[in-house]
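Results of the structural survey
One-letter residues, chain by chain:
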Amino acid sequence: MDAAQIRDKINRNSVPRHIAIIMDGNGRWAEQQGEQRIFGHTTGVESVREVLMAAQEIGVDYLTLYAFSTENWNRPEWEVNALMDLLVNSISNEIESLNKNKVRLLAIGDLENLPEKCRAELMHAIDKTKHNTGVRLILALNYSSKWELTHAMKHIARDIAEKKLIAEEINDHLISSYLSTAPYPDPELLIRTSGEQRISNFLLWQIAYAELHFTETLWPDFKKAHFFQAIIDYQKRERRFGKTSDQIRPSQPA
Ligand code: IPE
Ligand code: IPE
Ligand code: MG
């Protein structure tokens, strides 16, 4: 079945509004080809384009991609430098295409501590695409959930000390409003490629009720068909949010 045939099986009334992806397996993919790890990262950019187009085709509003974690600084220096160069080049090369496709670029993470060139290019692209009304592409860059939650807690503590807030006002909604994802709905679906079944410090708070989709496919091999298939699998899940099946399907006899 080709991608368009899989796409046609998607129920358009229950497409997730927000899909988050842990793009993993670039290094292993390159090694399988007898290439350097970097070749996997550069090829992975094509998968980003594919998934973005696929999201647009079925009306996903938000796509959050884990591109670089705070832990990824622990990789060898040459790989970190190559990843930063790739980010700078990909972002600047894609602005025209993002605008053509009405994609709005956004970012979450500790952006202030990105290398200056990378931060500047990112801010430029965010600015150049800010009027676009199509898919919101949110890059998680120098991101980790523990960093984000720590940052939010410090901010809340500061606001309490400055009497802008009282402790009793802290609730689920308020905490969400202090996160870098505050403007966006929580993802309904989280995809991780490469067969690893872990979250690696990604959106811990926001995925509290997300459906998780793990696939063996390595990121550079992840194409439209895989993305559509993940949505079809998602649509087969029963999202109960603590209730019973009977409550979810009231037409069925109790
Ligand atoms: C994901 O691929 C890309 C980043 C983390 C930047 P990896 O580079 O982690 O690839 P593997 O997991 O080593 O195969
Ligand atoms: C998670 O992948 C981070 C990104 C995809 C950017 P990693 O490959 O860094 O995750 P771990 O270290 O194997 O959990
Ligand atoms: Mg990995």
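Refer to the structure above for everything that follows.
These notes cover the structure that comes with them. (Residues numbered from 1 in each chain as written. Chains lettered and ligands numbered in written order. Predicted model: local features only at pLDDT ≥ 70, side-chain atom pairs only at ≥ 80, totals over all residues. Heavy atoms only, no water.)

Further remarks concern the packing of helix 3 (residues 37–58) against helix 4 (residues 77–100). Two numbers describe how helix 3 lies on helix 4: the axes approach to 10 Å, and their chain directions differ by 30°. One element, helix 3, and the other, helix 4, form an angle in the roughly parallel class. Handedness of the helix 3/helix 4 crossing: right-handed. On helix 4, the residues touching Arg37, Ile38, His41, Thr42, Val45, Arg49 and Leu52 of helix 3 are Trp78, Glu79, Ala82, Leu83, Leu86, Ser90, Glu94 and Leu98. (Axes fitted to C-alpha atoms, helices over the stretch in contact; angles between N-to-C directions. Helix = DSSP H or I, 4+ residues; strand = E, 2+ residues; numbered from the N terminus. Parallel < 35°, antiparallel > 145°, perpendicular 65-115°, else oblique. Left-handed = near helix turned anticlockwise from the far one by under 90°. Contact = heavy atoms within 4.5 Å.)

Here asparagine 201 is to be found in the loop between strand 5 (189–192) and strand 6 (211–214). Overall, asparagine 201 belongs to the buried group, its relative accessible area being 15%. One polar contact links the side chain of asparagine 201 to the main-chain amide nitrogen of lysine 146, over a distance of 2.9 Å. Every residue in contact with asparagine 201, bar those within four places of it in the chain, is listed here: Tyr66, Glu71, Tyr143, Ser144, Ser145 and Lys146. (Buried < 20%, exposed > 50% of the residue type's maximum accessible area, 1.4 Å probe, protein only. Polar contact = N/O pair within 3.5 Å; in protein donor to acceptor, adjacent residues only side chain to side chain.)

Attention shifts here to the site of ligand 1. For ligand 1, the set of nearby residues contains 13 residues, the closest of which are Asp24, Gly27, Arg28, Arg37 and Arg75. A distance of 3.3 Å is found between an oxygen atom of ligand 1 and a backbone nitrogen or oxygen belonging to glycine 25. For ligand 1, the accessible surface in isolation is 380 Å², of which the surrounding protein chains cover 86%. Taking a 2 Å distance to the grid points as the criterion, the majority of the atoms of ligand 1 fall inside the largest pocket. (Near = heavy atom within 4 Å. Areas by Shrake-Rupley, 256 points an atom, 1.4 Å probe, with all protein chains shown as cover. 1 Å grid on protein atoms, 1.4 Å probe; cavity = no way out; pocket = protein on both sides within 12 Å on 5 of 7 lines; lining within 4 Å. Sits in = over half its atoms within 2 Å of the grid points.)

Spatial strand order, 3-4-2-1-5-6: six strands in an open sheet with parallel pairing. Of all the strands in the sheet, the pair left with one neighbour each is strand 3 (104–108) and strand 6. Going across the sheet, the axis of each strand differs from the next one's by a mean of 20°, ignoring polarity. The pairing of strand 5 with strand 6 spans four bridges and is parallel. Within the sheet, the bridge partner assigned to isoleucine 191 lies in strand 6 and is histidine 213. Against the sheet, helix 3 touches strand 1 (18–22), strand 2 (62–69) and strand 4 (136–143), its axis set at about 160° to strand 2. Packed on one face of the sheet, helix 5 (residues 116–128) meets strand 3 and strand 4 and runs near 140° to strand 3. (Pairing = 2+ DSSP bridges.)

Moving on, we come to the environment of isoleucine 126. In this fold, isoleucine 126 is placed in helix 5. When its relative accessible area of 18% is taken as the criterion, isoleucine 126 is described as buried. Sequence separation between isoleucine 126 and leucine 137 is eleven residues, and the spatial gap between their C-alpha atoms is 10.0 Å. Ignoring any residue separated from it by four or fewer positions in sequence, one finds isoleucine 126 in contact with Leu105, Leu106 and Ala107.

The next thing to look at is the site of ligand 2. Surrounding ligand 2, one finds Ile22, Met23, Asp24, Tyr66, Ala67, Phe68, Ser69, Asn72, Arg75, Arg192, Arg198 and Ser200. One nitrogen or oxygen atom from the side chain of arginine 75 is found 3.3 Å from an oxygen atom belonging to ligand 2. When ligand 2 is considered free in solution it has 390 Å² of accessible area, and contact with the protein chains removes 78% of it. Put simply, ligand 2 lies in the largest pocket.

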